[in-house]
Amino acid sequence: MKQRELERLAEIARKARVAIVRMTAAAGSGHPGGSLSAVEILTYLYFKELRLDPADPQKAGRDRFVLSKGHGAPALYAILALRGFFPEEILTRLRKIDSPLQGHPHRLDIPGVEASTGSLGQGLSIANGMAMGYRMSGATGRVYALIGDGESQEGQIWEAAMTAGFHKLSNLCVFLDYNNLQIDGRVSDIKDIAPIRAKWEAFNWNVEEIDGHDFRAIERAVRRARRQTQMPTMIVARTVKGKGISFMENRVEFHGLAPTQEELVTALRDLSDG
Amino acid sequence: MVKESLRAAYGKTLLQLGQADKRIVVLDADLAKSTQTIIFAKEISDRFIDMGLAEQDMVSTAAGIALTGKIVFASSFCVFLAGRVFDQVRQSICYNNANVKLVGTHSGLGVGEDGATHQSLEDIALMRTLPNMRIIVPADAVETAQAVQCAAAMEGPFFIRLTRGNLATVYDGGYRFALGRASVLKDGDAITIVAIGAMVEKALQAAEALAASGITAAVLNLSTIKPLDGETLLRFARKTRGFVSIEDHSTRGGLGGALAEFLGQNCPRPLRIIGVEDQFGRSGTPEDLYRHFGLTADRVAAAARAILQQ
């Protein structure tokens, strides 16, 4: 990836983070921590990888993305707005009674949202289904998904892992947002999901391990995923919960806590947007 | 009396639908021989997926496949398809309004010898609470075939509840199933008996017994539980002195529950709900179980007489 491209993506990621802290502050609730950890992944997918058309969100055979960890909705909303699926102005209406932007994404309300998610563990199975549906139709579209590390404690994730591995869904590429924090504490303290590479490999997946905030690493991993012919790919992305905001980084409290107006000022300063 | 398999009718209809329409995809969870999706699987293997013993994954996967433009049927026993995976049905299918048809077999006490763990007595109650879901409980093989065709032709989620055992034929080839319309099997002006599935036969027997003592009972097959046919129910509420319902399901939240909600708010009438009363089933032959739990024609007739004597 050329330096200029890297800078373009980094600027989009910065804008997405500004939108995430602004919208959760305006809502007074929401999940900023796990949204901020996924920003580079979503930025890369929507601005570099996915073949889709914001003017025709239902276009046949398009690439699809499923946010299995539905509480990362602020990140998805920010990216979809920046990509042109809907006006950025409505982002600050997050979680309001008259807004399409619910606390968790609903596909029937928001252009560009491929599946309604929020009850953890189900999005990966839905993504599998999309990959299977495309394969049955002979469509070349690829399917991407993002799961959480806490979400990986759900049994359905492993049912879906077995399905995708067994059916050799090589048109499927999944990211694990591995920030090691869940609501009640560290994932490694609550119910550790390690060793994660060995688990996914045992389910017959191609596994890539990367720094989830490094665009070049994301690009290399996605390219390797595209070259697979016999396996789905799991990209284990090591991330920082609350990434980019000094007082939120690695702080479990900001899983489901919005910044106050005072904190928003600090956050915007951190993002050079004050 | 001729008895036919609803499950076989389902499998055969699926195959016909699949041969005519490439969008039809069928999923099962290691019960293809029991649910009879095997009939489809043998002929159209590239559009059949056995998901193994993973009902949660099957239901959400069905939603994903449907979101790519397919018409997806997913089958298992009712106890798993509605109960075990309720949240997946709620979120992956109904909230997404995915074009998935859940066809559950082995409903209620009719499962028989496998016992309480496999007898779904709550599935109608659960499915009835879900927005976008439509529920059909066919009374025989003819109605099963038409219900399955109807579900395939209409966009959106369906739950079709089938029995394990063969059921007496209620309809001939001239029958036309219509979603949301009760089928009046027998007209009458004294009392209205409402039944679903395997209990339709018992309702007809009860009506015969009542006729012998000069009581003309109407018999409705309310095969579409949701959306409810309020128009027909109102007509019989005005015409007769009360209702007796019978279902192979809990007395709470199923057919009787739907009637109580509707009649109570629109045209209150005496109502006796016959079903399994707040308990689990047990092993036995279906007929022994129906007698043990009081799901009999005699009890329907007695309930009708009790209302008329009020």
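Since we're looking at a predicted model, the values are computed, not measured.

*Asks:* In this structure, what is going on with the sheet that holds strand β2 (residues 143–148) of chain A? I would like to understand it.
*Replies:* Hydrogen bonds along the backbone pair up the strands of a sheet, which may run parallel or antiparallel. Residue and element names in this part refer to chain A. An order of β1-β2-β3-β7-β6 is seen for the five strands of this open sheet, with the pairing classed as parallel. Each edge of the open sheet is held by one strand with a lone partner, namely β1 (64–67) and β6 (206–211). Averaged over all pairs of adjacent strands, the angle between strand axes in this sheet comes to 20°, irrespective of strand direction. In terms of strand pairing, β2 meets strand β3 (residues 172–178) through six bridges, oriented parallel. Bridge pairing links L146 to F175 in β3.

*Asks:* Could you clarify how one ought to interpret the interface of chain A and chain B in this entry?
*Replies:* Contact with chain A, which involves 25 residues of that partner, is made by 23 residues of chain B. Across the interface of chain A and chain B, roughly 2000 Å² is buried in total on both sides, 53% from carbon and sulfur atoms. On the chain A side of the interface with chain B, the three residues burying the most area are A:Q122, A:M136 and A:E159, jointly 27% of the side's total. Where chain A packs against chain B, one counts zero salt bridges. Going through the elements one at a time, α5 (122–137) and α6 (155–166) of chain A are the ones with two or more residues in the side of chain A that touches chain B.

*Asks:* Sorry if this is basic, but what is going on with the packing of helix α1 (residues 3–27) of chain A against helix α3 (residues 39–49) of chain A here?
*Replies:* The relative placement of two packed helices comes down to the angle between their axes together with the axis-to-axis distance. All names here are of chain A. Between α1 and α3, whose axes approach to 9 Å, the crossing angle comes to 120°. For the element pair α1 / α3, the angle class is oblique. Note on packing geometry: the crossing formed by α1 with α3 is right-handed. Contact with α1, carried on its side by E5, R8, L9, I12, A13, A16, R17 and I20, involves V39, E40, T43, Y44, F47 and K48 of α3 and no other residues of that element.

*Asks:* Please clarify how the confidence of the model for chain B should be interpreted in this entry.
*Replies:* Where the model shows low pLDDT, its predicted coordinates should not be examined in detail. This prediction gives chain B a mean pLDDT of 98; 100% of its residues lie at or above 70. Overall fold confidence (pTM) sits at 0.97, and the ipTM for the predicted complex is 0.97.

*Asks:* Would you mind going over the environment of B:S223 with me for this structure?
*Replies:* Residue and element names in this part refer to chain B. With respect to the helices and strands, S223 occurs in the loop between β11 (217–221) and β12 (224–226). A residue is classified by how much of its surface remains accessible, and S223, at 0% relative accessible area, is buried. With 43 residues separating them in the primary sequence, S223 and G180 have C-alpha atoms 8.2 Å apart. Excluding anything up to four places from it in sequence, S223 contacts I135, I136, V137, E143, Y175, F177 and I196.

*Asks:* Could you clarify how one ought to interpret the pairing of strand β14 (residues 271–276) of chain B in this entry?
*Replies:* Remember that side chains alternate between the two faces of the sheet whenever the strand is regular. All names here are of chain B. Bridge analysis of strand β13 (residues 243–250) against β14 gives five bridges, and the strand direction is parallel. Bridge pairing in β14 links I246 to I274. Tracing the backbone out of β13, into helix α11 (residues 255–266) and back to the parallel element β14 gives a crossover that is right-handed.

*Asks:* Help me understand the sheet that holds β14(B) in this model?
*Replies:* Residue and element names in this part refer to chain B. Taken together, the five strands give an open sheet; going across it, the order is β9-β11-β10-β13-β14, and neighbouring strands pair in mixed fashion. Lying at the two open borders of the sheet, with one neighbouring strand each, are β9 (183–186) and β14. Shown here is a sheet whose adjacent strand axes are inclined to one another by a mean of 25°, direction ignored. Sheet topology note: the strand β10 (residues 191–195)/β11 ladder contains five bridges and is parallel. Directly across from T192, in β11, lies its bridge partner A218. Packing of helix α10 (residues 230–239) onto the sheet brings it into contact with β9, β10, β11 and β13, and relative to β11 it is tilted by some 170°.

*Asks:* Looking at this structure, how should I read the environment of B:E55?
*Replies:* Note on placement: B:E55 falls in helix α4 (residues 55–66). A relative accessible area of 7% places B:E55 in the buried class. Sequence separation between B:E55 and B:G156 is 101 residues, and the spatial gap between their C-alpha atoms is 20 Å. Apart from the residues within four sequence positions on either side, B:E55 is in contact with A:E159, B:A29, B:S76, B:F80, B:R84 and B:V85.

The rules behind these values
- Residues numbered from 1 in each chain as written.
- Chains lettered and ligands numbered in written order.
- Predicted model: local features only at pLDDT ≥ 70, side-chain atom pairs only at ≥ 80, totals over all residues.
- Heavy atoms only, no water.
- Pairing = 2+ DSSP bridges.
- Helix = DSSP H or I, 4+ residues; strand = E, 2+ residues; numbered from the N terminus.
- Axes fitted to C-alpha atoms, helices over the stretch in contact; angles between N-to-C directions.
- Contact = heavy atoms within 4.5 Å.
- Buried area = accessible area lost by both parts, 1.4 Å probe.
- Salt bridge = Lys/Arg side-chain N within 4 Å of Asp/Glu carboxyl O.
- Parallel < 35°, antiparallel > 145°, perpendicular 65-115°, else oblique.
- Left-handed = near helix turned anticlockwise from the far one by under 90°.
- pLDDT = per-residue confidence, 0-100.
- Buried < 20%, exposed > 50% of the residue type's maximum accessible area, 1.4 Å probe, protein only.
- Right-handed = clockwise from strand over helix to strand, strands pointing away.

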